[in-house]
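If you want the building blocks of each chain, they are given just below.
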Amino acid sequence: MIVNRVDLRRIDPDIGKRKRAARRIPGPLHIIKYKMEYQKLNINAMPLNKWQIFSWDNFVLVESIFHQEDKTCKGTLSIRTKNNYELVNQINLDYQYTSQFFDRIFTANKDKQTITEINLETLTTKQSNSTKLPVFFWEKATCYHNLENYTYEVLDAENRILNSYKIEYPLGFKCCDNGVLLWNNNQKENNWIECRDPITNKINWKINLDWKFVRIELFQNVIVIEYHSFEKFRTDKRYGGERDWYNPNRFTMAFSTFNGDQIWKHKFVFSQIDKENQVVFGGDNSIYEVDLKSGELLNQVRVNPEYYLGYCPHFKDSSGYYYTLHNGKFGKVNKHNGIIEWEFDLIDKLGAKRKITDWNLLSNGSLIIKAMPNHKNGDITCIFNPKENINYSKIER
């Protein structure tokens, strides 16, 4: 039997007490007993193709161990079933860097100056002598990461360098179907995103933003950003009339990579892009589901009970949304009425509460859960079945 200590003020209905508990003010303790069931895996990697949009029959995982003495990774690339995570096949790897594409993976060993291409369907490999790792393919050019000088280089079919980019903070870099994306978001004002032609390096389009964006994601030729607008002015006695730099209006905005046009804008902070269903999620005490391409609000549901720090939805199935909370809990809420179906802490075998960093839904209804690494009780990646543990679901606010 496993014992876990929980501060009672974390579940007190008084919000002031909950906030004081969040700041870890000592308080009375209560004993809660757990005997959770989960299958601990001997791997800690999560699938590279965890979204079903990558339509392989199985999951692909790269499990590696970093060796400090020679700065290399040695591990395996394995194939596991999407239903119950059973091992199908695996090959050994010796590498320092990887890049992933729809049907293949490239690994690079800088010391040996080799690039290995792995076909994900057949697990056959092809090796070449190079220190340039492919990161994106266009019809007439390819972008490589040069591991000698750590620049991104665009080469033509004859391996002639067309353009190169040395990316240093605060400059950001990604490749898309329409070219090279560059951006700057270092300041609270006057930030930008631009797209350059990969061959000519001419600017195809540029987005000038009055204020700051703090996150940027790219999927299916749609750029999604979390945008902070500092248009409000303070009204307090001492600083009244000055711009409020501490409480921005927060939005989620989407732009097309084809022309830089704004596609949509919503007044919530996005938590995740569900790539399988091509929707964007946001959450506070409601959960918002927005179509990635059109911006249409597909669903908005108020969660019962509320949580003062809000809900963070990650993905969905046909009946509900899977979320995490700031305090480390994870759960599922009914997408139609907002009622929580179950909610858990992940408790390890020594009774410690573990915060999850990544998770994924299997087709049999179980979850693959990865806990935050480097814990004194060891790393955990496990298969967790909510139905088998439903008696340990505790919804405490």
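Structure shown above.
In this report, we go over the structure that sits alongside the text. (Residues numbered from 1 in each chain as written. Predicted model: local features only at pLDDT ≥ 70, side-chain atom pairs only at ≥ 80, totals over all residues. Heavy atoms only, no water.)

**Let's talk about the packing of aromatic side chains**
In total, this model carries 25 aromatic pairs according to the counting rule given. Here the aromatic rings of F136 and W138 are separated by 5.1 Å at their centres, their planes lie at 50°, and the arrangement is tilted. Since its relative accessible area comes to 15%, F136 is described here as buried. Residue class for W138 comes out buried when judged on its relative accessible area of 13%. An angle of 75° between the planes, with centres 5.0 Å apart, marks the rings of F344 and F384 as edge-to-face. Residue F344 is found in strand β29 (residues 340-344), and its partner F384 is found in strand β34 (residues 381-384); the two are separated by 40 residues along the sequence. Across this residue pair, the class does not change: F344 and F384 are buried. Counting every residue linked through ring pairs, the aromatic cluster contains F315, Y322, F330, W342, F344, W359 and F384. Against the face of F137 rests R104, its NZ or CZ located 4.9 Å from the ring centre. (Phe/Tyr/Trp six-rings, centres within 6.5 Å; stacked < 30°, edge-to-face > 60°. Buried < 20%, exposed > 50% of the residue type's maximum accessible area, 1.4 Å probe, protein only. Helix = DSSP H or I, 4+ residues; strand = E, 2+ residues; numbered from the N terminus. Lys NZ or Arg CZ within 6 Å of the ring centre and 35° of its normal.)

**Notes on the nonpolar core**
In this structure, F330, L346, W359, L367, I369 and F384 are the most contacted members of the largest nonpolar core, which totals 19 residues. If you list the elements that add at least two residues to this core, you get β29, β30 (346-347), β32 (356-361), β33 (367-371) and β34. Those residues in contact with W359 that sit more than four places away from it in its chain are M46, K50, H314, F315, Y322, Y323, T324, F330, G331, L367, I368 and I369. Grouped together as the second largest cluster of nonpolar side chains are 18 residues, C176, I216, I223 and I225 included. (Core = buried A, V, L, I, M, F, W, Y, C linked by side-chain atoms within 4.5 Å. Contact = heavy atoms within 4.5 Å.)

**A few points about the pattern of salt bridges**
The tally for this structure, following the rule as stated, stands at 18 salt bridges. The salt bridge partner of K316 is E289, with a shortest N-O separation of 2.4 Å. Residue K316 is found in strand β26 (residues 312-316), and its partner E289 is found in strand β24 (residues 286-291); the two are separated by 27 residues along the sequence. Pair check on accessibility: K316 and E289 agree, each one buried. The partner of E341 in a salt bridge is K332, with the nearest N and O atoms 3.8 Å apart. For E341, a relative accessible area of 34% corresponds to the partly exposed category. Three or more residues joined by partner-sharing salt bridges are found here, namely D103, R104, E117 and K126. (Salt bridge = Lys/Arg side-chain N within 4 Å of Asp/Glu carboxyl O.)

**Overview of the pairing of strand β20 (residues 249-256)**
Counted residue by residue, β20 has 7 buried out of 8 residues, so it is predominantly covered. Where strand β19 (residues 222-229) meets β20, 8 bridges bridge the pair, whose relative direction is antiparallel. Paired with S229 across the strands is N249, a residue of β20. Direction of pairing for β20 relative to strand β21 (residues 262-266): antiparallel, over a ladder of 4 bridges. Considered in β21, the bridge of T252 is made with H266. The antiparallel pairing of β20 with β21 creates a hairpin that spans 5 residues between the two strands, and G260 there sits at a positive phi of about 80°. (Pairing = 2+ DSSP bridges.)

**Remarks on the sheet that holds β29**
Spatially, β26-β27-β28-β29 is the arrangement adopted by the 4 strands of the open sheet, whose pairing is antiparallel. Each of the sheet's edge strands pairs with one partner strand only, and the pair in question is β26 and β29. Neighbour to neighbour, the strand axes of the sheet diverge by 25° on average, direction disregarded. (Axes fitted to C-alpha atoms, helices over the stretch in contact; angles between N-to-C directions.)

**Topic: the environment of S229**
Counting through the fold element by element, S229 comes out in strand β19. For the pair formed by S229 and N249, sequence separation is 20 residues and the distance between their alpha carbons is 5.1 Å. Among all residues touching S229, those that are not within four sequence positions of it are W211, P248, N249 and F251. In terms of polar contacts, S229 uses its side chain to reach the side chain of E231, at 3.2 Å. (Polar contact = N/O pair within 3.5 Å; in protein donor to acceptor, adjacent residues only side chain to side chain.)

**Topic: the environment of I105**
Secondary-structure assignment places I105 in strand β8 (residues 104-109). Overall, the relative accessible area of 1% leaves I105 in the buried class. Separated by 28 residues in sequence, I105 and L77 have C-alpha atoms that sit 9.8 Å apart.

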